[in-house]
Structures are given as C-alpha cells and as structure tokens.
Amino acid sequence: MLVTEIDRASIEKLVRTFYAKILKDDLLSPFFIRALGDDLKNDKWYEHLKTLDNFWLGLMIGEGRYMGDPLLPHFFLGELSPELFDRWIALFRQTAEEIYEHNTALKFYGKAKGLAKRFMTDLEIGYEED
C-alpha cells in the first residue's frame, strides 16, 4: 500500500531505497562509492543517510534537525553533468512513486527537481528545462 502521509519512517524508507538504487546505477554509483563506500551499512553512509532523513523531513514537513549547506559537498564530487542530475532525478521520482501515493510523490519530485536546478546553477552546470 502506498503511503499518503509524510513522516520520519516513510522518509527513512525513501532515502534508503533510493540510495540502494544509486549504488546499483552504473552512471551514479561511482561518485557515491568514491565519497562514501559501497556499503550502506558503513559509518560514512550511516551519517549521510541520517543527514538526508533530517534534510527531507525539514524540506517536506518542517521537522528534522538538518543543519548545513546541502550544496557544499557537491563541489568535491568530481565532474558533474546534466546527465547525472537527470539520472538522479529520474531514480528519485521512481522511488518516491514506489513509496508514496501520486500527489505526495509529485511533491517530493518537485522539491528534488528544484534542488537539482539550484545545484546545477550554483555549480555552473548547464540546466535544461523540460
């Protein structure tokens, strides 16, 4: 059954499901493996996933204890491209649609797409509107 209400448990499921897919993706996995390793259960991933839980809680429902600048780590990932962001957005949307009912999934997708656009602008990577 798809989730209608956004809460910590559903966001944790979204974040973990999404990044499990990222680690299997040929295009995206090298960036994340280089930065965090290939095991979602290691200490680096544990901290990253908790940070993302709080980030999405704050972004979606005003809860969570996220502190920091979500853009900053992206400056150190290597050469990023519009194709990487497009793939990230596609996997994120797919994952949100697997967990949340349609309207809620679209809210997540809208926020993620806005983030991607902001990151690409700030990182000076070309961005194409669809």
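Our subject in this report is the structure included herewith. (Residues numbered from 1 in each chain as written. Predicted model: local features only at pLDDT ≥ 70, side-chain atom pairs only at ≥ 80, totals over all residues. Heavy atoms only, no water.)

Glancing now at the overall build of the protein chain. Across its full length, the protein chain carries 5 helices and 0 strands. Sorting the 130 residues of the protein chain into buried and exposed places 40% on the buried side. Expressed as a percentage of contacts within the protein chain between residues at least 6 apart in sequence, the contacts between residues at least 24 apart total 69%. Carbon together with sulfur atoms contributes 53% to the accessible area of the protein chain, which is approximately 7,800 Å² in total. (Helix = DSSP H or I, 4+ residues; strand = E, 2+ residues; numbered from the N terminus. Buried < 20%, exposed > 50% of the residue type's maximum accessible area, 1.4 Å probe, protein only. Contact = heavy atoms within 4.5 Å. Areas by Shrake-Rupley, 256 points an atom, 1.4 Å probe, with all protein chains shown as cover.)

Looking now at the nonpolar core. Among the nonpolar cores identified, the biggest contains 39 residues, and Y19, F32, W56, W88 and F108 are the most heavily contacted of them. At the level of elements, helix 1 (8-24), helix 2 (29-36), helix 3 (43-61), helix 4 (82-99) and helix 5 (102-122) are the ones that each hand at least two residues to this core. Not counting chain neighbours up to four residues away, the residues in contact with W56 comprise I11, V15, I61, W88, F92, F108, K111, A112 and L115. (Core = buried A, V, L, I, M, F, W, Y, C linked by side-chain atoms within 4.5 Å.)

Counted under the stated rule, the structure contains 12 aromatic pairs. Plain terms: the ring middles of F18 and F92 are 5.2 Å apart, the flat faces sit at 80° to each other, and that makes the pair edge-to-face. Placement of the pair is F18 in helix 1 and F92 in helix 4, with a sequence separation of 74 residues. Taken individually, F18 and F92 each receive the classification buried, so the pair is uniform in this respect. (Phe/Tyr/Trp six-rings, centres within 6.5 Å; stacked < 30°, edge-to-face > 60°.)

Attention now goes to the packing of helix 3 against helix 5. Put simply, helix 3 and helix 5 touch, their axes get as near as 11 Å, and they point 110° apart. Relative to helix 5, the element helix 3 is oriented roughly perpendicular. Like other packed secondary-structure pairs, helix 3 and helix 5 cross with a definite hand, here right-handed. The residues of helix 5 that touch helix 3, namely those facing F55, W56, L59 and M60, are K107, F108, K111, A112 and L115. Grouping the amino acids of the contact of helix 3 with helix 5 by side-chain chemistry returns 7 nonpolar, no polar and 2 charged. (Axes fitted to C-alpha atoms, helices over the stretch in contact; angles between N-to-C directions. Parallel < 35°, antiparallel > 145°, perpendicular 65-115°, else oblique. Left-handed = near helix turned anticlockwise from the far one by under 90°. Nonpolar A, V, L, I, M, F, W, Y, C, P; charged D, E, K, R; others polar.)

This paragraph deals with the environment of D7. Position of D7 among the secondary structure elements: in the segment before helix 1. Distance from D7 to I61, taken between C-alpha atoms, is 8.1 Å for residues 54 residues apart in sequence. If we ignore the near neighbours within four places in the chain, the residues touching D7 are L57 and I61.

Before going further, it helps to examine the pattern of salt bridges. Evaluation of the coordinates by the stated rule reveals 7 salt bridges. Salt-bridge contacts for K50 lead to E12; the nearest nitrogen and oxygen are separated by 3.8 Å. A residue pair is termed long-range when its members are at least 10 positions apart, and K50 in helix 3 and E12 in helix 1 qualify at 38 residues. The exposure class of E12 is partly exposed, given its relative accessible area of 22%. The partner of K21 in a salt bridge is E98, with the nearest N and O atoms 2.8 Å apart. Separated by 77 residues along the polypeptide, K21 in helix 1 and E98 in helix 4 bring together distant segments of the chain. (Salt bridge = Lys/Arg side-chain N within 4 Å of Asp/Glu carboxyl O.)

Moving on, we come to the side chain of S29. Mapped onto the secondary structure, S29 falls in helix 2. The contact partners of S29, leaving out residues within four places of it in the chain, are I22 and L23.

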